[in-house]
Amino acid sequence: MLNYTLRRLLMVLPTLLILVIFAFYLMRLAPGGPFTSERPLPPSVMANVLERYGMDEPLHVQLWTYVKNIVCCFDFGPSFSQKDRTVNDVIAQGFPVTLTYGFWSAVFVLVLGIPLGIIAALRHNGFWDYTMTGLAIFSQIFPNFVLAPLLVLLFTLSWGLLPGGGWNGGQWQYVVMPAIALGTSYMASVARLTRGSMLEVLNSPYIRTARAKGLPERTIIMRHALKPALLPTLTYMGPVFVYMITGSVFVDVFFSTGGIGQDFINGAYSRDYAILLGLAILYAVLTFALTLMVDLLYAWIDPKVRAGLS
Amino acid sequence: MILSAARRRLQSRAFADERAPEMIASRSFWADAGRRFLNNRMAVFSVGMLGLLILFSIFGNLFARWSYEEIDWNVLGRIKEDGGPSLENGHWFGVDELGRDLYARVVQGTRTSLLVGFIAGPVSVMLGAMLGALAGYYGGRLDRTVLAAYTIWLAIPYIIFFVVWQAFFGRSMSQMILVIILVNWTAGLLIVRGQVMMLKNREFVDAARMLGMSDFKIIFRHLAPNVLWVVVIYTSIVIPEVIMMESLVSFLGVGIQEPNTSIGALLSQGAATMTFGTLWQLGFPAAIFVIAQVSLFYIGDGLRDALDPKER
């Protein structure tokens with residue numbers, strides 16, 4: 001188990017390095033830069049600016065300095081477009097916001113999705129089952145970027161219940177809509193997946209045996225059916241977290257939460273290499289961490305996988 | 001009473017004659033699947049809806065009185081009052097926030113979104129399927145390399161790559177299609193790889209090899225037809241995903257360059273102005289988006305039911 005964790009962690013570094021090198025050259029080889037504007041700077045000023053940011057050196061030297069600074073001092077460099085702010089500042093300010101509603105969104109996905117799926121399986125072809133199928137189709141048609149305007153239309157413009165954007169230090173009213181907009185479609189997928197695996201487990205012979213022994217239905221479900229039925233859902237959580245990170249870029253932009261997604265898009269517009277690279281690394285690390293967590297949890301729960309690892 | 005009448009009909013000579021041609025005719029896998037698909041009413045209806053949408057995107061402009069980039073100065077200052085859908089001034093869907101005809105823009109946006117979906121989706125599945133087939137057929141080091149690349153690629157949220165690429169290399173439609181293919185090359189890879197690994201040990205492949213066929217021929221002449229059903233199902237899943245992807249990045253403002261537009265860009269503009277009471281700017285693009293997604297969903301569902309052996 002420990003061995004496996006270490007091996008996975010060792011995989012992260014080369015992957016990150018590939019990502020950084022790839023993104024770095026991709027951005028630098030494109031025409032234009034952070035300091036090109038409608039009115040070109042005089043060549044002498046341009047030279048000074050480039051020197052100030054260390055951009056007068058050959059590309060591979062710049063890349064080396066960049067990587068060295070991150071490894072030795074956890075320094076992602078200064079932002080090119082926002083004066084007097086470093087990338088570290090931008091992350092320190094925006095990341096807690098994204099993480100907060102992302103966390104509540106994940107809670108929403110799991111706490112609502114899993115029970116809905118279980119109920120739908122227990123009431124197979126009943127009211128809840130059909131409601132859930134409807135919800136699953138609905139969420140496929142209304143992805144976060146269609147759902148979010150609809151939510152604002154209902155909760156802010158029509159009923160005036162919740163603020164339509166902003167953050168305000170993370171008061172709960174400001175967290176609700178971003179979390180729901182981000183999570184709904186994955187909540188439906190989780191519910192559908194849980195329903196499917198639960199149905200499969202409930203039809204398996206050992207559940208019939210448990211019924212034949214005369215165990216109460218409650219014990220059968222809680223003690224025998226639940227754990228194997230949740231395994232597929234757990235595997236699916238890895239991709240879900242990756243999708244949610246993608247979705248958070250949209251939610252940050254749409255709800256003006258001040259999270260890192262907004263900085264990422266602005267960075268792309270203003271060709272702020274430092275911010276783009278820094279945030280790309282952050283997104284990638286976040287993805288690795290969450291996927292690894294899911295995989296370890298899976299190994300911990302499923303004895304078959306655990307045996308295969310050690 | 002009724003039952004015996006039915007039995008008499010089933011055993012009658014006339015019935016046998018009537019059905020004979022159909023029963024004698026050979027039934028290929030695809031003919032079978034086609035019949036199963038046609039029996040699925042929702043799927044057939046969805047094909048019709050999608051067909052209408054495609055016709056709308058191609059010929060819709062014939063009914064437009066304005067072009068998609070022309071500004072109607074008569075309504076510009078009073079969009080909330082005069083800019084709504086109307087038959088008199090020829091703005092069937094109203095105007096957008098800049099006074100441009102929304103009908104013409106929706107036609108143009110639908111065309112963009114459908115083109116991106118129907119080009120980038122199939123091409124990326126083909127690419128993934130090809131890689132998957134090669135990896136599954138040859139195994140060994142090639143297989144390990146492809147799988148490692150697949151794992152790494154899936155671990156990186158596509159939005160990073162997408163946004164950077166779009167912002168730095170221009171935002172034309174061909175760029176968009178290219179970047180979607182690059183992001184999506186993993187689609188269908190794993191499932192085709194699995195199918196090929198299973199099929200390559202079957203007798204007909206051994207026979208082909210003993211006849212001295214090249215690997216290339218075995219893969220494309222003997223294995224490809226047998227995994228085609230997987231590719232078709234997967235393509236039907238990927239196309240709506242690609243349309244959604246395109247809409248998402250357009251919504252974020254890094255989609256196709258103005259004055260060209262796409263459904264996602266129109267949705268984003270409509271959402272930005274909905275506080276001003278111009279809801280038609282959100283409603284029409286949203287309706288088109290929903291129609292496209294619903295019909296593609298049911299078509300995919302129908303194809304899966306018709307083609308997947310497990311569903312039978």
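Bear in mind that the values here come from a model prediction, so they are computed numbers and not experimental data. (Residues numbered from 1 in each chain as written. Chains lettered and ligands numbered in written order. Predicted model: local features only at pLDDT ≥ 70, side-chain atom pairs only at ≥ 80, totals over all residues.)

Asks: Give me the overall build of chain B: which residues, what numbers.
Replies: Of the regular secondary structure elements, chain B holds 14 helices and zero strands. Listed N to C, the secondary structure of chain B is α-α-α-α-α-α-α-α-α-α-α-α-α-α in terms of helices and strands. Here chain B has a C-alpha radius of gyration of 25 Å; the compact-globule value for 312 residues is 20 Å, and the former is much larger. Counting only C-alpha atoms and orienting by the principal axes, one finds that chain B spans roughly 75 × 70 × 30 Å. Residues classed as buried in chain B amount to 42% of the 312 residues present. (Helix = DSSP H or I, 4+ residues; strand = E, 2+ residues; numbered from the N terminus. Rg over C-alpha atoms; globule rule 2.2 N^0.38 Å. Buried ≥ 20, exposed ≤ 12 C-beta atoms within 10 Å, placed from the backbone.)

Asks: Account for the overall build of chain A, naming residues and giving values.
Replies: Counting secondary structure elements, chain A contains 12 helices and zero strands. Across chain A, helices and strands are ordered from the amino to the carboxyl terminus as α-α-α-α-α-α-α-α-α-α-α-α. Dimensions of chain A along its principal axes, counting C-alpha atoms only, are 85 × 55 × 30 Å. Intrachain contacts of chain A at a sequence separation of at least 6 include 70% that bridge at least 24 residues. (Contact = placed C-beta atoms within 7 Å.)

Asks: Which residues make up the interface of chain B and chain A, and what values go with them?
Replies: Of the residues lining the interface, 30 residues belong to chain B; the matching set on chain A comes to 32 residues. Contributing elements (two or more residues each) for the side of chain B that touches chain A: helix H7 (140–155), helix H8 (158–168), helix H12 (215–251), helix H13 (263–272) and helix H14 (280–307) of chain B. Considered class by class, the residues forming the side of chain B that touches chain A number 26 nonpolar, four polar and no charged. (Nonpolar A, V, L, I, M, F, W, Y, C, P; charged D, E, K, R; others polar.)

Asks: So, the confidence of the model for chain A: which residues are in play, and what are the values?
Replies: When pLDDT is averaged along chain A, the result is 84; 98% of the residues meet or exceed 70. Confidence scores differ between elements of chain A, with helix H12 (residues 303–309) of chain A showing the lowest mean pLDDT of 70 and helix H8 (residues 205–212) of chain A the highest of 91. (pLDDT = per-residue confidence, 0-100.)

Asks: I'd like to hear about the nonpolar core, residue by residue, with values.
Replies: Where a protein is soluble and globular, its nonpolar side chains tend to be buried together. Of all hydrophobic cores here, the largest spans 152 residues; its most connected members are Leu-276 of chain A together with Val-163, Val-164, Ile-180 and Leu-267 of chain B. When residues in this core are grouped by element, the largest group, 16 residues, is from H12 of chain B. (Core = buried A, V, L, I, M, F, W, Y, C linked by C-beta atoms within 7 Å.)

Asks: Let's hear about helix H6 (residues 102–138) of chain B: which residues, and what values?
Replies: For H6 of chain B, built from 37 residues, the straight-helix expectation of 54 Å at 1.5 Å per residue is met to within 8% by its first-to-last C-alpha distance of 53 Å. Positioned one or two residues after H6 of chain B, Gly-139 of chain B has a phi angle of 65°, which is positive. (Expected span 1.5 Å × (residues − 1).)

Asks: Break down unusual backbone geometry for me, citing the residues and quoting the values.
Replies: Residues and elements named next belong to chain A. With a phi close to 55°, Phe-74 is a non-glycine residue in the positive phi region. Along the chain, Phe-74 turns up in the loop between helix H3 (59–73) and helix H4 (87–122). Judged by the 8 C-beta atoms lying within 10 Å of it, Phe-74 is exposed. Of note, Asn-125 is a non-glycine position whose phi angle comes to about 65°, a positive value.

Asks: Please give an account of the confidence of the model for chain B that cites residues and values.
Replies: Here chain B averages 84 in pLDDT, while 96% of its residues score no lower than 70. Per-element confidence in chain B is highest for H6 of chain B, whose mean pLDDT is 92, and lowest for helix H5 (residues 79–82) of chain B, whose mean pLDDT is 71.

Asks: Describe the packing of H6 of chain B against H7 of chain B, and please don't skip the residues or the numbers.
Replies: Residues and elements named next belong to chain B. Orientation of H6 relative to H7, taken along the N-to-C sense of each, is 140°, at an axis distance of 7 Å. When the axis of H6 is compared with that of H7, the two are oblique. When you trace H6 past H7, the crossing you get is left-handed. Contacts between H6 and H7 involve Leu-131, Leu-134, Ala-135 and Tyr-138 from the first element and Gly-140, Leu-142, Asp-143 and Val-146 from the second. Among the residues forming the contact of H6 with H7, the class breakdown is six nonpolar, one polar and one charged. (Axes fitted to C-alpha atoms, helices over the stretch in contact; angles between N-to-C directions. Parallel < 35°, antiparallel > 145°, perpendicular 65-115°, else oblique. Left-handed = near helix turned anticlockwise from the far one by under 90°.)

Asks: Just give me the short version of the environment of Ala-187 of chain B, but keep the residues and values in it.
Replies: All names here are of chain B. Checked against the element boundaries, Ala-187 lands in the loop between helix H9 (173–183) and helix H10 (189–199). Classification of Ala-187 as buried rests on a count of 25 C-beta atoms within 10 Å. It is 44 Å that separates the C-alpha atoms of Ala-187 and Lys-80, two residues lying 107 residues apart in sequence. Not counting residues within four places of it along the chain, the set of residues in contact with Ala-187 comprises Ser-124, Val-125, Gly-128, Tyr-234 and Val-238.

Asks: Any details on the packing of helix H7 (residues 172–202) of chain A against helix H9 (residues 217–255) of chain A? Residues and values, ideally.
Replies: Residues and elements named next belong to chain A. Where H7 contacts H9, the two axes come as close as 8 Å, and the packing angle between them is 165°. Judged by the inter-axis angle, H7 sits roughly antiparallel to H9. Considering how the two elements wind past one another, H7 and H9 form a crossing that is right-handed. For the contact of H7 with H9, the residue count by class is 20 nonpolar, five polar and no charged.

Asks: Talk me through the environment of Val-107 of chain A; I want residue IDs and the actual numbers.
Replies: With respect to the element layout, Val-107 of chain A can be found in helix H4. Along the sequence, Val-107 of chain A and Met-187 of chain A sit 80 residues apart, while their C-alpha atoms lie 9.7 Å from each other.

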